[in-house]
Amino acid sequence: MPAALTEFINDLADLHRRFGADTDGLVAATEARLATLVREPGVLPADACAGSPERYTQHILHVAPDRSHSVVTLVWYPGQATPIHDHVSWCVVGVHEGTESQILYHLAEDAGGAFLVETGRETAGQGSCSSLVPPAENIHRVENAGAVRAISVHVYGADIERLGSSINKTFDRLPVRELAGASRKAWRGPS
C-alpha cells in the first residue's frame, strides 16, 4: 500500500478518536483530509484502479479494526452509473481522477404513491470532495460524466465489507419528477 494511503488510514483512526460521537465534526475533518489525499498522484495501489467494461467497480482498501469506517475506491468508465440510492451511514467522496456527476433527489408522496423529485445536479472534477450525512435525505445517482476513466475514493462511516450492498437502499423503481429551477452547482473543489 502506498505510504500516503497508509498515512491517510492512520489519520482516519485519529479523527475517529478525536471526534467520537460528533458526526458533523468527524465528517468535516474527514472531507478536509480526503481532499488532500485525492489531489496526490500515485496514492492508490494499481489493483484499486482496475475497472470493468460492464459496470462501475468497487475495491475495498481498508476496514477499521473496530468496524467504524471503511475506505473504498470506485472505478468508473464513461457512462457507468449507480442506481438511484441512499446511504445508511455517512459518506465522504473525493474524486481522484476524471469527472463525476450526481443527481440529487427528494423522496415525496401524494395520493398516487411515492415518487422522487430531482432537486439538483452537481459535477465534480479531480480534487473535489462532497459528503452525505443521513438521516437528512441523501438520495442520489452518481455517474462518470467524462470521456475517460474516473476514480473516486469513498470513506463510509460503516463496515462496507460486512454490509455490502445493504449499505444503501435503491429507488430505481420510483417515478422521477423534475423540479423546475433545480440547482446545478459544482462539488467543492480544490482550494
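Note on numbering: residues in each chain are counted from 1, in written sequence order. Side-chain atom pairs in this predicted model are given and counted only at pLDDT of 80 or more, local residue features only at pLDDT of at least 70, and totals for whole chains, interfaces and linings cover all residues. To obtain the side-chain values, all non-hydrogen atoms of the structure were used and water was disregarded.

**A look at the nonpolar core**
Nonpolar cores are built from buried Ala, Val, Leu, Ile, Met, Phe, Trp, Tyr and Cys residues. Side-chain atoms within 4.5 Å join them into one set. Only protein chains enter the accessibility calculation, which uses a 1.4 Å probe. A residue is then buried if its area is under 20% of the maximum for its type, exposed if over 50%, and partly exposed in between. Ranked by internal contacts, the top residues of the largest apolar core, which has 25 residues, are Phe8, Leu34, Leu37, Leu44, Val71, Val153 and Val155. By the criteria applied, helices consist of DSSP H or I runs no shorter than four residues and strands consist of E runs no shorter than two, each listed in order from the N terminus. Secondary-structure elements contributing two or more residues to this core are helix H1 (3-19), helix H2 (23-38), strand S2 (70-76) and strand S8 (150-156). For this core, the leading source of residues is H2, giving seven residues. Any two residues whose heavy atoms approach within 4.5 Å are treated as being in contact. Excluding residues that lie within four positions of it along the chain, Leu34 makes contacts with Phe8, Val92, Val93, Gly94, Cys129, Val153 and Val155.

**Thoughts on the environment of Ser152**
Looking at the secondary structure, you find Ser152 in strand S8. Since its relative accessible area comes to 0%, Ser152 is described here as buried. Along the sequence, Ser152 and Val75 sit 77 residues apart, while their C-alpha atoms lie 6.7 Å from each other. With residues near it in sequence (within four places) discarded, Ser152 still touches Val72, Thr73, Leu74, Trp76, Val93, Gly94, Val95, His96 and Glu100. Counting of polar contacts relies on pairs of N or O atoms within 3.5 Å, with two restrictions inside protein: one atom must be capable of donating a hydrogen and the other of accepting it, and residues adjacent in sequence are counted only when both atoms are side-chain atoms. Only 3.2 Å separates the side chain of Ser152 from the side chain of Trp76, close enough to count as a polar contact.

**Let's talk about the side chain of Gln80**
For Gln80, the position within the fold is in the loop between S2 and strand S3 (91-97). Overall, Gln80 belongs to the buried group, its relative accessible area being 8%. Among the polar contacts listed, one links the side chain of Gln80 to the backbone oxygen of Pro53, at a separation of 3.5 Å.

**Quick word on the packing of aromatic side chains**
Two rings from Phe, Tyr or Trp (for Trp, the six-membered ring) form a pair when their centres sit within 6.5 Å of each other. Planes less than 30 degrees apart are called stacked, planes more than 60 degrees apart edge-to-face, and all others tilted. Counting across every chain of the model gives one aromatic pair. The interplanar angle of 20° and the centroid separation of 4.8 Å between the aromatic rings of Tyr56 and Trp76 together place this pair among those described as stacked. Here Trp76 lies in strand S2 and Tyr56 lies in the loop between H2 and strand S1 (57-63), a separation of 20 residues in the sequence. With respect to burial, Tyr56 and Trp76 carry one shared label: buried.

**Describing the pattern of salt bridges**
Salt bridge criterion: a side-chain nitrogen from Lys or Arg within 4 Å of a carboxyl oxygen from Asp or Glu. Within this structure, the stated rule accounts for seven salt bridges. Here Glu118 and Arg121 are joined by a salt bridge, their closest N and O atoms 2.7 Å apart. Since its relative accessible area comes to 32%, Arg121 is described here as partly exposed. When the shortest N-O distance is used, the salt bridge between Glu143 and Arg141 registers 3.7 Å. Relative accessible area serves as the criterion here: at 25%, Arg141 is assigned to the partly exposed category. Look at the salt bridges and you will find they share partners, linking Glu7, Asp11 and Arg33 into a network.

**Description of H1**
Take the residue count of a helix, subtract one, and multiply by 1.5 Å to get its expected span. Here H1 spans 24 Å end to end across 17 residues, near enough to the 24 Å set by a 1.5 Å rise per residue. Along H1, the positions that sit buried rather than exposed are Leu5, Phe8, Ile9, Leu12, Leu15 and His16. Looking straight down H1, one finds that the buried residues subtend no more than 115° of arc, so they occupy a single side. The outward face of H1, more than 90 degrees from its buried face, is lined by the exposed residues Ala3, Arg17 and Arg18. For H1, the secondary structure elements touched by its buried residues are H2, S1, S2 and S8. It is the directions from the helix axis to the C-beta atoms that the arc portrays.

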